[in-house]
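# Coordinate inspection notes
Below are the chains, spelled out letter by letter.
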Amino acid sequence: MKKLYFITRTIPEENSGGGIVRRGSVECLRKEGYDVIIVAPSSVSDISEDRILVKDFSSDFQYKYNLLLSRFGLKSDYLQEWAKKAYETLLPIVNKDDIVLATSGGEMGALILAADLKKSIGCKVVYNLHDPISYTHLQGKYSTPSTFYVHPRDKKEKELFGCADKIVTSSQFYANWLKEKYPEFEDKFLCHHFGYIQKIGNPQLSLLHHDRINVVYGGAMGKLQSPEILIQVAGRFKDIQFTYVGNVPFIVPESASNVKVLPKMPYTDFVDYLVKNADIGFFSLTGHIAKWCVPSKLYEYINSGIPMLACIEGDARNIIKENDFGEVCDYSVDGISDGLRKLLAGNRLEIVKNNILDNRLSWYMESTITELIQSFD
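How each quantity is defined
Residues numbered from 1 in each chain as written. Predicted model: local features only at pLDDT ≥ 70, side-chain atom pairs only at ≥ 80, totals over all residues. Heavy atoms only, no water. Axes fitted to C-alpha atoms, helices over the stretch in contact; angles between N-to-C directions. Helix = DSSP H or I, 4+ residues; strand = E, 2+ residues; numbered from the N terminus. Parallel < 35°, antiparallel > 145°, perpendicular 65-115°, else oblique. Left-handed = near helix turned anticlockwise from the far one by under 90°. Contact = heavy atoms within 4.5 Å. Buried < 20%, exposed > 50% of the residue type's maximum accessible area, 1.4 Å probe, protein only. Pairing = 2+ DSSP bridges. Right-handed = clockwise from strand over helix to strand, strands pointing away.

Once that is clear, we can look at the packing of helix 8 (residues 267–277) against helix 9 (residues 296–304). Interaxial distance between helix 8 and helix 9 falls to 9 Å at its minimum, and their mutual angle equals 55 degrees. It follows from the interaxial angle that helix 8 and helix 9 lie oblique. Like other packed secondary-structure pairs, helix 8 and helix 9 cross with a definite hand, here right-handed. Across from Tyr267, Phe270, Val271, Leu274 and Val275 in helix 8, the residues of helix 9 making contact are Lys297, Glu300, Tyr301, Asn303 and Ser304.

Written as structure tokens, this is what we have:
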């Protein structure tokens, strides 16, 4: 059985978006016959058969301090000290024939650890970039918006990329840009659309089984998503229900009688809610970062058999349009309203839903994991 060290900032048991995706990857890799050992920072150190938790000795204050130092280029990453400590723990354990898979949601800590192991041991190293590396340049703009000075990390990014055998991105758009940015590493980059992690049983239930159409948005509601625009759209469609699921940071006026707010739900409960109650799934990603990422919301809606109304760019836009999984529109009240009208015209909603149901199994992580496994060859 091939041994694979899965380095991650987010422990797979966590119920955050990153934790859910990483848990799915670990489970699928184990089903494919890999002996997966999770390596992650933790409040306490713990070594067992299937995991190596290395204490991150940063308090909340130290974490913020390290983050600040990394922004000014005085540290490579806020996890730099953790990576050094984890390296000392792993060096006597990892063998040349092992695979080191380092995941990243923008941070460099896992990549630094993997690169150091590569230099010392010569093991196979694969980076799995769920998001672009923070504070690097993407077409002339920072990958992460910042209100104050940030030291660019492109030089460190290039150094780390030189140590990897393969670099897997979550979007083809990002992979193509990295090939253009670093042509000397062109053969290293490939895309893995990770898909949904837990197949649900009967998504057919969710089409028009209640009194009126229900447009649902659930999940993060920060500046990058900005889903509050639906409140203005709801004012134009009084006969349609609009539902937010999660911690809503904005005010829903009393006059918006067709807008409902439900509390945050565990992942499985949210998917169950979608199947039983949603007719259309809305999601949005705004700003420069929109074209570089594929939101996990897209995969959740495919899994649930939910037609999509999306303000998105890049791969997510292409996936929806090429497979006819819904309508892609501009992030504006007029744009979203027009997209919603198109979905509601004639039997369009039913056609889109059937397209999703016919193709949903190909987006199941147990199917898509083969893209990631190819990077180990």
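Moving on, we come to the pairing of strand 11 (residues 214–218). For strand 11, the tally of buried residues reaches five of five residues, placing the bulk of the element in the interior. Of the pairings in the sheet, the one linking strand 11 to strand 12 (residues 241–245) comprises five bridges and is parallel in character. Bridge pairing links Gly218 to Val245 in strand 12. In terms of handedness, the path from strand 11 via helix 7 (residues 229–234) over to strand 12 forms a crossover that is right-handed. Of the pairings in the sheet, the one linking strand 11 to strand 14 (residues 280–284) comprises two bridges and is parallel in character. In the sheet register, Val216 faces strand 14, and the bridge partner there is Gly281.

Take the sheet that holds strand 10 (residues 189–191) next. A sheet is described by the order of its strands in space; here eight strands give the open sequence 3-4-2-1-5-6-9-10, paired in mixed fashion. Looking along the sheet, the strands with just one partner apiece sit at the ends: strand 3 (46–47) and strand 10. Where strand 1 (residues 3–7) meets strand 2 (residues 35–42), five bridges bridge the pair, whose relative direction is parallel. Bridge pairing in strand 2 places Tyr5 opposite Ile37. On top of the sheet, helix 3 (residues 80–90) reaches strand 1, strand 2, strand 3 and strand 4 (51–55); it is set at about 135 degrees to strand 4, its chief contact. Helix 5 (residues 154–163) rests against strand 6 (124–129), strand 9 (166–169) and strand 10 of the sheet, and its axis sits at about 135 degrees to strand 6.

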